[in-house]
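Breakdown of the fold
Residues per chain, in single letters:
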Amino acid sequence: MSQAFIHLSGVRKTFKSRNEEFLAVSEVTFDANAGELVSIVGPSGCGKTTVLKILAGLHTYDSGTVKIGNEEESFDPSTDIGMVYQQPLLLKWRKIIDNVVLPAEILGLPRKESLERARYLLDMVGLKGFESNYPHELSGGMQQRTSIARALIHDPKVILMDEPFGALDALTREKMNLELLRIWEESKKTILFVTHGIQEAVFLGSRVIVLTAGPARMADNLEIDLPYPRVLDMKTHEEFGKYTRHIYKHMDMA
Amino acid sequence: MNNFSKRLGQYGIIVLVHLAVVVLWHLAIKITEVPDYVMPTPIATLLSLQEDYGWLHNTWVTGVEVWGGYGLAIVVGVITALLFSWFRTLETLLMPLMVSLNMIPKVALGPLFIVWFSYGIDSNILISFSICFLPILLTMDRGLKEVDPDLIDLVRTLNASRLQIFTKIQLPGALPYLFSGMKVAVVLAVAGAIVGEFIASEEGLGYLMLQVQVTMDTAAMFMGVLLITLIGVTLYALVLLLEYFVVGKTNTVN
């Protein structure tokens, strides 16, 4: 069996304020293979975002190992990470297409190719024809699609998503889940998807990492044995219910 | 065509309202028979331009003071805000001081400025500068801080340089704030210059108004006020125009 692409083991992180120590993440251990979509689920304050920020190189950690990349696939932290947040965080003075090319501009990639790729990606996320619009002219869901296209523009190997659909209404959210699965299958990226929605985590992930709050620790690493492509109908399946119940139990909610 | 006639209508209303005030002004004086030295008619005011008061020169002098002080305030204010955003210790040290300085009624500093810099155009520029510097600094400083930290994180994962973060995200984001400060500062700049001229000077519209006050030439005093207003209005219109071209309609404060 080949080596995992993302490897975390025993990662621990505490935040220190003046005279208090706050344990944000304790003993997080999991692997993700290249091209895998892994969900990380847990209540707010369980350190989900901290785990993502550690992977993005934005936070240091106190102990443990974090490794991205293996013998087959190299990894360059400055070009191989795409980020999507709960808020689309678009620059309101830039047109949609210019928002999408922002990471490419920062990396100094050739402009013509970037624009071409941005058009291709906007088409892929279903925003063909909106290239010249401004963000405020688009709905919340469309803005979030733009930010997904932006995360893909520099062709990174890893996409880190921090509750990307948390601000959307339930219907749009389900639609975006299906869209994400399609984009993921098309782009073959390794995606880490942080959410507090248990159903969403099970529906999307080939694996679900369960974190709990108070104390912040990793509770489970659950393989989701449902076939792709996944369809909404699966949410009513016996299997699906078994997985969600299992996770609810971990969070002392069942 | 529809758009054009709508525009024309808007400007038409502006002109009509102003004209209506002038007509009402004229009628009110004709009906109440207020003597000319208390309240001149619009026509008498206009005719005062025939007097040999050096209108052109004095308007020019006041214009230089207003525009000079205003321009200086923008340059120094923006640079100071930038330094504050780059060197946080500088801001921590100096910002409270700036806020205290803002509380000083700058008009009260007029006599001091004249002691320090003798009287004339230079010291009036300085009074005008001192009165509109802080609104510019405070709004620009605020604008530079308005950037979502997650957005900074996003570009930091791409190893964006400080300059890139500044030119691509912070500066364009701060411009709407700067312009709102600039609009407030126009009024202050005019007031500053005139106060300087009232205190001590031998040219400028403020000086002229004190001169004609002695001879009870109320019409000329009215003309002085009109010309001072005109200087302010021209500056304001220019700022609006600049805002339109630099910031556009999409990049407004929320």
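All figures in this text were calculated on a predicted structure; none of them were measured in a lab.

On to the overall build of chain B. Counting secondary structure elements, chain B contains 10 helices and zero strands. For chain B, the succession of helices and strands along the chain, N to C, is α-α-α-α-α-α-α-α-α-α. Summarising its shape, the C-alpha atoms of chain B cover approximately 75 × 60 × 25 Å along the three principal directions. A buried classification covers 34% of the 254 residues belonging to chain B. Across chain B, contacts joining residues at least 24 apart in sequence account for 81% of those joining residues at least 6 apart.

To continue, consider the sheet that holds strand S2 (residues 20-32) of chain A. Residue and element names in this part refer to chain A. Strand order in this open sheet of three strands is S2-S1-S4, and the pairing throughout is antiparallel. Every other strand in the sheet has two partners, leaving S2 and strand S4 (63-68) as the edge strands with one partner each. Taken over all neighbouring pairs, the strand axes of this sheet differ in orientation by 30° on average, direction set aside. Of the strand pairs in this sheet, strand S1 (residues 6-17) and S2 are connected by nine bridges, and their pairing is antiparallel. Looking at the pairing, Phe-15 lines up with Phe-22 of S2.

All right, on to the sheet that holds strand S6 (residues 158-162) of chain A then. Residue and element names in this part refer to chain A. Taken in spatial order, the six strands of this open sheet run S5-S6-S7-S3-S8-S9, and their pairing is mixed. Edge positions in the sheet fall to strand S5 (81-84) and strand S9 (217-223), since each of these pairs with one other strand and no more. Strand-to-strand twist across the sheet, computed as the mean angle between neighbouring axes with direction ignored, equals 15°. Summarising the sheet, strand S3 (residues 37-41) and strand S7 (residues 190-195) pair through five bridges and their orientation is parallel. Each bridged residue has a counterpart across the sheet, and for Val-38 the counterpart in S7 is Leu-192. Those strands touched by helix H5 (residues 140-152) are S5 and S6, and its axis lies near 170° from that of S5.

Let us now look at the packing of helix H8 (residues 162-199) of chain B against helix H9 (residues 205-214) of chain B. All names here are of chain B. In the contact formed by H8 and H9, the axes pass within 7 Å of each other and the chain directions differ by 45°. Here H8 lies oblique to H9, going by the angle between them. Like other packed secondary-structure pairs, H8 and H9 cross with a definite hand, here right-handed. Where H8 approaches H9, its residues Ile-194, Glu-197 and Phe-198 are matched on the opposing element by Gly-206, Tyr-207 and Leu-210. Here the contact of H8 with H9 is composed, by residue class, of four nonpolar, one polar and one charged.

This next bit is on the nonpolar core. Core analysis: the largest hydrophobic core is formed by 74 residues, its most contacted members being Ile-40, Val-100, Leu-122, Ala-149, Leu-160, Leu-192 and Phe-193 of chain A. Excluding residues that lie within four positions of it along the chain, Leu-192 of chain A makes contacts with Ala-32, Val-38, Ile-40, Leu-52, Leu-55, Leu-160 and Met-161 of chain A.

The partner chain B presents 18 residues to the 19 residues of chain A that form the contact. Elements that contribute at least two residues to the side of chain A that touches chain B include exactly S5 and helix H3 (102-107) of chain A. Looking at the side of chain A that touches chain B element by element, the count peaks at five residues for H3 of chain A. Across the side of chain A that touches chain B, the residue classes tally to 13 nonpolar, four polar and two charged.

This part covers helix H10 (residues 218-246) of chain B. Residues and elements named next belong to chain B. End to end, H10 covers 42 Å across 29 residues, agreeing with the expected 42 Å (1.5 Å per residue, within 8%). The complete set of buried residues in H10 reads Ala-219, Ala-220, Phe-222, Met-223, Gly-224, Leu-227, Ile-228, Ile-231, Gly-232, Leu-235 and Glu-243. Lining the buried residues of H10 we find helix H2 (42-47), helix H3 (55-86), H8 and H9.

Another aspect to go through is the pairing of S6 of chain A. Residues and elements named next belong to chain A. With five of five residues buried, S6 lies mostly within the body of the structure. Side-chain alternation along S6 places Val-158, Leu-160 and Asp-162 on one buried face and Ile-159 and Met-161 on a second face that is also buried. The pairing of S6 with S7 spans five bridges and is classified as parallel. In the sheet register, Val-158 faces S7, and the bridge partner there is Thr-190. Remark: the S6/helix H6 (residues 170-187)/S7 crossover connection has right-handed handedness.

Okay, the pairing of S5 of chain A next. Residues and elements named next belong to chain A. The alternating pattern of S5 places Ile-81 and Met-83 on one face and Gly-82 and Val-84 on the opposite face, and all of these are buried. Of the pairings in the sheet, the one linking S5 to S6 comprises four bridges and is parallel in character. Paired with Met-83 across the strands is Leu-160, a residue of S6.

Glancing now at the confidence of the model for chain B. All names here are of chain B. The predicted model of chain B has a mean per-residue pLDDT of 89, with 97% of residues at 70 or higher. Within chain B, the lowest mean pLDDT, 84, falls on helix H5 (residues 110-117), and the highest, 94, falls on H3. Taken over the whole predicted complex, pTM reads 0.79, whereas the ipTM for its chain interfaces reads 0.83.

The topology assignment puts Val-64 of chain B in helix H3. For the pair Val-64 of chain B and Val-15 of chain B, spaced 49 residues apart in the sequence, the C-alpha separation amounts to 27 Å.

Calculation rules
Numbering of residues starts from 1 in every chain and runs along the sequence as written. Written order decides the labels, with chains lettered from A and ligands numbered from 1. Totals for whole chains, interfaces and linings use all residues, but because this is a predicted model, local features are given only for residues with pLDDT of at least 70 and pairs of side-chain atoms are given and counted only at 80 or more. Helix numbers and strand numbers start at the N terminus; a helix is a DSSP run of H or I with at least 4 residues, a strand a run of E with at least 2. Neighbour density around each residue's C-beta defines its exposure: 20 or more other C-beta atoms within 10 Å make it buried, 12 or fewer make it exposed, and counts between make it partly exposed, where C-beta atoms are placed from the backbone. Throughout, a pair of residues is in contact if the C-beta atoms placed from their backbones lie within 7 Å. At least two DSSP bridges between two strands are required for those strands to pair. Only the contacting stretch of a helix is used when fitting its axis, a line to C-alpha atoms as for every element, and angles between N-to-C directions run 0 to 180 degrees. Between 65 and 115 degrees an angle is taken as roughly perpendicular, under 35 as roughly parallel, over 145 as roughly antiparallel, and anywhere else as oblique. It is the rotation of the near helix from the far one that decides the hand of a crossing: anticlockwise by less than a right angle makes it left-handed, clockwise makes it right-handed. Three categories are distinguished: nonpolar for Ala, Val, Leu, Ile, Met, Phe, Trp, Tyr, Cys and Pro, charged for Asp, Glu, Lys and Arg, and polar for the others, with Gly belonging to the last. The nonpolar core is taken to be a set of buried Ala, Val, Leu, Ile, Met, Phe, Trp, Tyr and Cys residues joined by way of C-beta atoms within 7 Å. Given a helix with a known number of residues, its expected span is that number minus one, times 1.5 Å. For the handedness criterion, the strands are oriented away from the viewer, and a crossover whose path from the first strand over the helix to the second runs clockwise is classed as right-handed. Each residue gets a pLDDT score, which is the predictor's confidence in that residue and runs from 0 to 100.

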